[in-house]
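One-letter residues, chain by chain:
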Amino acid sequence: MQIGEASGATGVSAKMIRHYEAIGLIPAAGRRDSNYRDYGAEDIHRLGFIRRARDLGFSIDEIRNLLRLWADRRRSSRDVKALALNHLAELDGKIALLNEMRGTLAHLADCCDGGDRPDCPIIESLAGAAPLHHRH
C-alpha cells in the first residue's frame, strides 16, 4: 500500500512515517516503478506498534529499544518490564510536577478577583514581584 493508505491504516501521519523512515525506526519502504513508497503488512504492524508506544508516551529511543526487544525472540520479559517501569517512574515525576504547577496556578487564580482593576496577582507573580509557591 502507498503511504496515504499506510497512514490511514495505522493512524500515523504520512509526515511521521517519512520521519520514522529517515531516523531508521522503520526500514526504508520499497519503491514501485512509479517511485511511490510501497508498504507491506509487516510495515503496517511495525507502525502500529510505534503508534501505540507513542500513545503511551515512550520516547523515540525507548521505542527503538522496545522494537529491538520485540524482534528478539530470546528476549527476557524482565528487560521489557524494566523499560516500562522506568518510563512509568518518569511519568510519575511529570505528573507530580504538573500537579504542583496546577496547585500554584489554582492558588494564583483564586487570589485574583478578576475584576476591572489592573492589579493582578497572576501577572505580579509572573513578573517576579510576588513569589510562586512551587519549586520549578
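Described below are features of the structure shown in this document.

The rules behind each value
Residues numbered from 1 in each chain as written. Predicted model: local features only at pLDDT ≥ 70, side-chain atom pairs only at ≥ 80, totals over all residues. Heavy atoms only, no water. Helix = DSSP H or I, 4+ residues; strand = E, 2+ residues; numbered from the N terminus. Rg over C-alpha atoms; globule rule 2.2 N^0.38 Å. Buried < 20%, exposed > 50% of the residue type's maximum accessible area, 1.4 Å probe, protein only. Contact = heavy atoms within 4.5 Å. Areas by Shrake-Rupley, 256 points an atom, 1.4 Å probe, with all protein chains shown as cover. Lys, Arg positive; Asp, Glu negative; His and termini not counted. Charge placed at Lys NZ, Arg CZ, Asp CG, Glu CD. Phe/Tyr/Trp six-rings, centres within 6.5 Å; stacked < 30°, edge-to-face > 60°. Core = buried A, V, L, I, M, F, W, Y, C linked by side-chain atoms within 4.5 Å.

1. Section: the overall build of the protein
Regarding its fold elements, the protein presents six helices and two strands. The linear arrangement of helices and strands in the protein, starting from the amino end, is α-α-β-β-α-α-α-α. For a compact globule of 136 residues, the expected C-alpha radius of gyration is about 14 Å, and the protein comes in at 23 Å, more than 25% above that figure. The C-alpha extent of the protein, read off along each of the three principal axes, is 70 × 40 × 20 Å. Here the protein holds 136 residues, and the buried ones make up 25% of them. Restricting the contact set of the protein to residue pairs at least 6 apart, pairs at least 24 apart contribute 47%. When the accessible surface of the protein is totalled, it reaches about 9600 Å², and 54% of it is carbon and sulfur. The positive charge centre, built from 20 side chains, and the negative charge centre, built from 19, are 8 Å apart in the protein.

2. Regarding the packing of aromatic side chains
All told, the structure shown has one aromatic pair when counted by the stated rule. With 4.4 Å between their ring centres and 10 degrees between their planes, Phe-49 and Trp-70 make a pair best called stacked. Placement of Phe-49 in helix α3 (residues 41-55) and of Trp-70 in helix α4 (residues 60-71) is noted, with a sequence separation of 21 residues between them.

3. Considerations on the environment of Phe-49
Residues Phe-49 and Gly-4, spaced 45 residues apart in sequence, show a C-alpha to C-alpha distance of 18 Å. Apart from the residues within four sequence positions on either side, Phe-49 is in contact with Leu-66, Leu-67 and Trp-70.

4. So, the nonpolar core
Nonpolar side chains in soluble globular proteins generally cluster together in the buried interior. Within the largest apolar cluster, 20 residues are counted, with the highest numbers of intra-cluster contacts made by Ile-17, Tyr-20, Ile-26, Tyr-39, Ile-50 and Ile-63. Elements supplying a minimum of two residues to this core: α1 (3-10), α2 (14-22), α3 and α4. Here the element with the most residues in this core is α3; it accounts for five residues. Contact partners of Tyr-39, with chain neighbours within four places excluded, come to Met-1, Gln-2, Ile-3, Ala-6, Ile-17, Glu-21, Ile-26, Ala-29 and Ile-44.

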